[in-house]
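# Observations on the three-dimensional arrangement
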Amino acid sequence: MKSIPIIDIRDLTVVYNAGTINEVVALTDFSLKVEKGEILVITGGNGSGKSTVLGAISGTVPIKSGSIKIDGIDITKWSPNKRAKLIGMVYQDTMLGTCPNLTIHENFQICKINKWWAPIPYNLKLSKKQIESLIHTGLSLESRDVSKINMLSGGQRQAIAVCLAFENSKPVLLFDEFTSSLDKDTREKVLDFVLEKAKSENATMLMVIHNISMFTKFYSRIIKL
Ligand SMILES: Nc1ncnc2c1ncn2[C@@H]1O[C@H](COP(=O)(O)OP(=O)(O)OP(=O)(O)O)[C@@H](O)[C@H]1O
Ligand SMILES: [Mg+2]
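Notes on the structure in this doc start here. Computed from a prediction, not measured in an experiment: that's the story for all the values here.

The next point concerns the overall build of the chain. Secondary structure summary: the chain contains six helices and nine strands in total. Over its C-alpha atoms the chain spans a radius of gyration of 18 Å, differing by no more than 12% from the 17 Å that the globule rule assigns to 225 residues. With the C-alpha coordinates of the chain rotated into their principal frame, the extents come out at 45 × 45 × 40 Å. The contacts of the chain with a sequence gap of at least 6 include a subset with a gap of at least 24, amounting to 68%. Carbon and sulfur atoms make up 54% of the accessible area of the chain, which amounts to about 11500 Å² in all. Taken together, the 28 basic and 22 acidic charged side chains of the chain have centroids lying 3 Å from each other.

Quick look at the structure:
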């Protein structure tokens with residue numbers, strides 16, 4: 001029996017600012033099937049629609065027509081919030097993906113409980129697993145758990161967003177240019193961490209990448225937009 005693709009995008013058309021002078025047709029009749037456990041790289045020039053594909057899956061862009069299924073369930077009309085139970089996201093923009101006015105510890109807390117409020121009592125310290133994730137980045141962030149995100153550099157924020165994406169073992173992970181703000185050493189450490197985590201959790205990953213030469217050991221398939 002043929003298995004159901006974990007992601008099944010059919011004839012997707014995305015139009016920003018439809019009907020206005022700023023209308024942009026970002027994707028036209030785009031289709032893509034991704035099997036469970038695949039690590040898929042999406043590459044292509046600036047403005048070719050890579051972030052739009054990830055945004056369509058996570059629910060943050062205006063879909064004009066077409067459908068998106070996750071594990072056979074049609075999520076096209078689901079809110080981003082509902083989709084977040086299945087999808088972990090690291091944004092190209094390092095200002096997104098973390099809450100700037102909360103500390104590293106608090107960001108882990110709200111990510112873990114997946115709600116806007118915190119139950120009382122809640123963990124006052126990072127868990128062992130969370131500390132281990134931060135240690136993998138090699139940026140000593142585990143000792144800055146009470147620092148607010150807006151006190152961190154772009155690369156530090158991006159590294160934390162990667163750790164947060166793995167916090168809840170989500171079946172689908174969407175990483176948009178997730179190493180763009182990382183220096184070479186940190187990039188290698190974060191890449192190894194991501195690969196190990198994705199494999200151990202049998203996660204399906206879609207990664208948008210410009211410079212694929214440093215990712216050769218990493219992906220199972222590549223598509224160009
Ligand atoms: N919020 C938005 N409002 C209007 N147009 C948008 C918006 N986001 C993207 N676009 C347009 O949609 C098209 C695709 O953009 P997208 O961000 O998906 O490209 P990309 O391939 O991710 O580019 P880059 O490599 O520069 O990140 C572009 O023409 C862009 O101008
Ligand atoms: Mg982009």
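Okay, the site of ligand 1 next. The local shell around ligand 1 holds 14 residues, among which Gly 47, Lys 50, Ser 51, Thr 52 and Gln 92 are the closest. Between ligand 1 and Gly 49 there is a distance of 3.0 Å, counted from an oxygen atom to a backbone nitrogen or oxygen. A distance of 2.5 Å is found between an oxygen atom of ligand 1 and a side-chain nitrogen or oxygen belonging to Thr 52. Alone, ligand 1 offers 630 Å² of accessible surface; in the complex the protein occludes 65% of this. At the level of elements, strand E2 (24–34) and helix H1 (50–58) are the ones that each hand at least two residues to the shell around ligand 1. Among the elements that make up the shell around ligand 1, the one with the highest residue count is H1 (three residues). The residue makeup of the shell around ligand 1, split by class, is three nonpolar, ten polar and one charged.

Attention now goes to unusual backbone geometry. Backbone geometry at Asp 29 places phi at a positive 45°, although glycine is not the residue there. Of note in this structure, Asn 202 is not a glycine but carries a positive phi near 50°. Positionally, Asn 202 belongs in the loop between helix H6 (184–200) and strand E8 (204–208). For Asn 202, a relative accessible area of 42% corresponds to the partly exposed category.

Rules used throughout
Residues numbered from 1 in each chain as written. Chains lettered and ligands numbered in written order. Predicted model: local features only at pLDDT ≥ 70, side-chain atom pairs only at ≥ 80, totals over all residues. Heavy atoms only, no water. Helix = DSSP H or I, 4+ residues; strand = E, 2+ residues; numbered from the N terminus. Rg over C-alpha atoms; globule rule 2.2 N^0.38 Å. Contact = heavy atoms within 4.5 Å. Areas by Shrake-Rupley, 256 points an atom, 1.4 Å probe, with all protein chains shown as cover. Lys, Arg positive; Asp, Glu negative; His and termini not counted. Charge placed at Lys NZ, Arg CZ, Asp CG, Glu CD. Near = heavy atom within 4 Å. Polar contact = N/O pair within 3.5 Å; in protein donor to acceptor, adjacent residues only side chain to side chain. Nonpolar A, V, L, I, M, F, W, Y, C, P; charged D, E, K, R; others polar. Buried < 20%, exposed > 50% of the residue type's maximum accessible area, 1.4 Å probe, protein only.

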